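What follows is each chain in one-letter form.
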Amino acid sequence: MAVSASHNEAGFTLVEILCVLAVLGLTAGLVVLNLPRGEDPFKAEMQKFATQLNIAARDSAIDGRIRGIEIDSDGYDLLEYSGEWETRVEAEWNDVFSVDLKVEDEIIDFKDRAKIIAKSKDIVAVPLITLDPMGGVTDFELEIEGRETTFLLMPDERGRIIAEIAE
């Protein structure tokens, strides 16, 4: 008596396996799309910059020293005056496409300013923006454009630096 092989073997067909993989892929895609997004690094950098400026203004009022901010298209320096200007913080912009600065209603051309400073090595350049111990801040508007957002930083009437999203 010969043993015959059964054609009813247990298992999954290729179509069934592909359907399950497609459902798993769609489910994973929905989960990833609904995960909370991290904070925009550009926005965090602008908030950090505004905070540093406000801390410098507060420190100026506490210790009676004038602070300054030197800004260009590549970054910024926070300075302190104690007989001469000394750099306390030096930072470069990240994810910044353009920087426009207006100081006391005058638009600053960073390239021209760099040339003037380079030519006048004997003259110590005064920072573009100063924070005095009495709470005074040079009137300025700083517009910094990122990939998706543009921030506008300026002093308010109390001498605090505010950062808001430009429209």
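The following paragraphs examine the structure supplied in this document. As a convention, each chain's residues are numbered from 1 in the sequence order in which they are written. It should be noted that, the model being predicted, local features are given only for residues of pLDDT at least 70 and side-chain atom pairs only at 80 or more, the latter also being counted only at that level, while totals for whole chains, interfaces and linings use all residues. To obtain the side-chain values, all non-hydrogen atoms of the structure were included, while hydrogens and water were left out.

1. With respect to the nonpolar core
The nonpolar side chains of a soluble globular protein tend to be buried with one another.
Thinking step 1. Put simply, a nonpolar core is a bunch of buried Ala, Val, Leu, Ile, Met, Phe, Trp, Tyr and Cys residues held in one set by side-chain atoms that sit within 4.5 Å of each other. Think of it in three bands: residues with accessible area under 20% of the maximum for their type are buried, residues over 50% are exposed, and the middle band is partly exposed, with areas taken using a 1.4 Å probe on protein chains only. Among the nonpolar cores identified, the biggest contains 27 residues, and Ile71, Trp93, Leu101, Leu142, Ile144 and Leu153 are the most heavily contacted of them.
Thinking step 2. Breaking this core down by element, the ones donating at least two residues are helix H2 (41-63), strand E1 (67-71), strand E2 (75-81), strand E4 (98-103), strand E6 (129-131), strand E7 (140-145) and strand E8 (150-155).
Thinking step 3. Strands are runs of DSSP state E lasting at least 2 residues, helices are runs of H or I lasting at least 4, and numbering of each runs from the N terminus. The element contributing the most residues to this core is H2, with seven residues.
Thinking step 4. The contact definition used throughout considers only heavy atoms, calling two residues in contact when any of these lie within 4.5 Å. Apart from residues lying up to four places away in sequence, Leu101 is in contact with Ile71, Glu106, Ile107, Ile108, Phe110, Leu128, Ile129, Phe140, Glu141 and Leu142.

2. Considerations on the pairing of strand E9 (residues 161-165)
Thinking step 1. One ladder, built from five bridges, connects E8 with E9; its direction is antiparallel. By the bridge assignment for E9, Met154 is matched with Ile162. Between any two strands, at least two bridges found by DSSP are needed for them to pair.

3. Comments concerning the sheet that holds E8
Thinking step 1. Spatially, five strands are ordered E5-E4-E7-E8-E9 in an open sheet, and the strand pairing comes out antiparallel. One side of each edge strand has no neighbouring strand; the edge strands of this open sheet are strand E5 (106-107) and E9.
Thinking step 2. Two elements, E7 and E8, share four bridges in a ladder whose sense is antiparallel. Among the inter-strand pairings, Glu145 is bridged to a residue of E8, identified as Thr150.
Thinking step 3. Relative to E8, H2 is tilted by about 10 degrees, and along the sheet it contacts E7, E8 and E9. Note on geometry: axes are C-alpha line fits, over the in-contact stretch for helices, and angles between N-to-C directions span 0 to 180 degrees.

Function cannot be inferred from these measures alone, as they are strictly geometric.
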